[in-house]
Amino acid sequence: MRLDLATPEDAPAMASAHAQAFDTPWDEMDFEDLLDGPGIFGFVVRAEDPAGVLVCRTAAGEAEILTVGVAPWARRQGIGKALMVAAIGVARGVGATEMFLEVDVENASAVSLYERLGFERAGLRKAYYDRGSNGRADALVMRLDLTTGPD
Ligand SMILES: CC(C)(COP(=O)(O)OP(=O)(O)OC[C@H]1O[C@@H](n2cnc3c(N)ncnc32)[C@H](O)[C@@H]1OP(=O)(O)O)[C@@H](O)C(=O)NCCC(=O)NCCS
């Protein structure tokens, strides 16, 4: 298992991990374009195959997790946490003082991961996610103070 700071050459591996983790995947070009953007960094985890991906944007002292996902076969082995801890480290290193993310209120595994890292519930965006025939779901906005805490 290897966790690397991503370069545009990692876009295919990132897209592969993302496609395994999400129903609506981002493609290679999405990752290439993103990694070219100002303040953007990402990580990719590889085992035999791409297993996990994270992209974060920092601007004006704030970091935002744009995506984090782990392939189903690689879950519950600490990869999601390792990706988040790595992102928190980089965000702190570039001077960000707080980190935000949005998560489906019903995504218990992700909410648990974030809460264990110290994220707190900062707000709710009603009917934020489109679930097609299953209607819409609320997004929880979560915030981590990067000026305190162990991670
Ligand atoms: C959420 C996700 C990234 C977690 O990745 P992971 O590699 O399985 O997470 P970890 O193994 O690092 O787990 C860390 C902690 O998160 C929590 N957690 C993770 N999966 C969980 C689950 N299925 N149920 C309950 N808690 C869970 C636990 O607190 C866990 O700690 P523990 O294993 O010591 O109990 C992964 O389930 C995923 O990719 N889901 C689909 C995509 C997604 O929802 N991304 C987040 C969008 S905001």
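Residues numbered from 1 in each chain as written. Predicted model: local features only at pLDDT ≥ 70, side-chain atom pairs only at ≥ 80, totals over all residues. Heavy atoms only, no water.

Engineer: Could you give an account of the pattern of salt bridges, naming the residues involved and the relevant values?
Structural biologist: Tallied over the entire structure, the rule returns 11 salt bridges. Between Asp4 and Arg2 there is a salt bridge, and its shortest N-O distance comes to 2.7 Å. The salt bridge involving Arg131 is made with Glu106; its shortest N-O contact spans 3.2 Å. Here Arg131 is found in the loop between β6 (120-130) and β7 (136-145), whereas its partner Glu106 is found in the loop between β5 (98-104) and α4 (108-116), with 25 residues between them in sequence. Relative accessible area serves as the criterion here: at 30%, Arg131 is assigned to the partly exposed category. Here Glu106 falls in the exposed class, since its relative accessible area comes to 59%. Taken together, the shared-partner salt bridges in this structure form one network comprising Arg2, Asp4, Asp10 and Arg46. (Salt bridge = Lys/Arg side-chain N within 4 Å of Asp/Glu carboxyl O. Helix = DSSP H or I, 4+ residues; strand = E, 2+ residues; numbered from the N terminus. Buried < 20%, exposed > 50% of the residue type's maximum accessible area, 1.4 Å probe, protein only.)

Engineer: Can you explain the pairing of β7? Please cite residues and give values.
Structural biologist: Burial runs high along β7: 7 of the 10 residues are buried. Sheet topology note: the β5/β7 ladder contains 7 bridges and is antiparallel. When the bridges of β7 are listed, Leu101 appears paired with Met142. Here β6 folds back onto β7, and the loop between the two strands holds 5 residues, one of which, Gly132, carries a positive phi near 60°. (Pairing = 2+ DSSP bridges.)

Engineer: Any chance you could break down the site of the ligand for me, citing the residues and the numbers?
Structural biologist: Taken together, 21 residues are adjacent to the ligand, and Val70, Gly78, Gly80, Lys81 and Asn107 come closest. Between Val70 and the ligand, the recorded distance is 2.7 Å, taken from a backbone N or O atom to an oxygen atom. In the environment of the ligand, an oxygen atom lies 2.9 Å from a nitrogen or oxygen atom belonging to the side chain of Ser112. Taking 910 Å² as the accessible area of the ligand by itself, protein coverage stands at 76%. Taken together, the elements giving at least two residues each to the shell around the ligand come down to β4 (62-70), α3 (79-93), β5 and α4. Residue contributions to the shell around the ligand peak at 6 residues, all from α4. Tallied by class, residues from the shell around the ligand come to 9 nonpolar, 7 polar and 5 charged. (Near = heavy atom within 4 Å. Polar contact = N/O pair within 3.5 Å; in protein donor to acceptor, adjacent residues only side chain to side chain. Areas by Shrake-Rupley, 256 points an atom, 1.4 Å probe, with all protein chains shown as cover. Nonpolar A, V, L, I, M, F, W, Y, C, P; charged D, E, K, R; others polar.)

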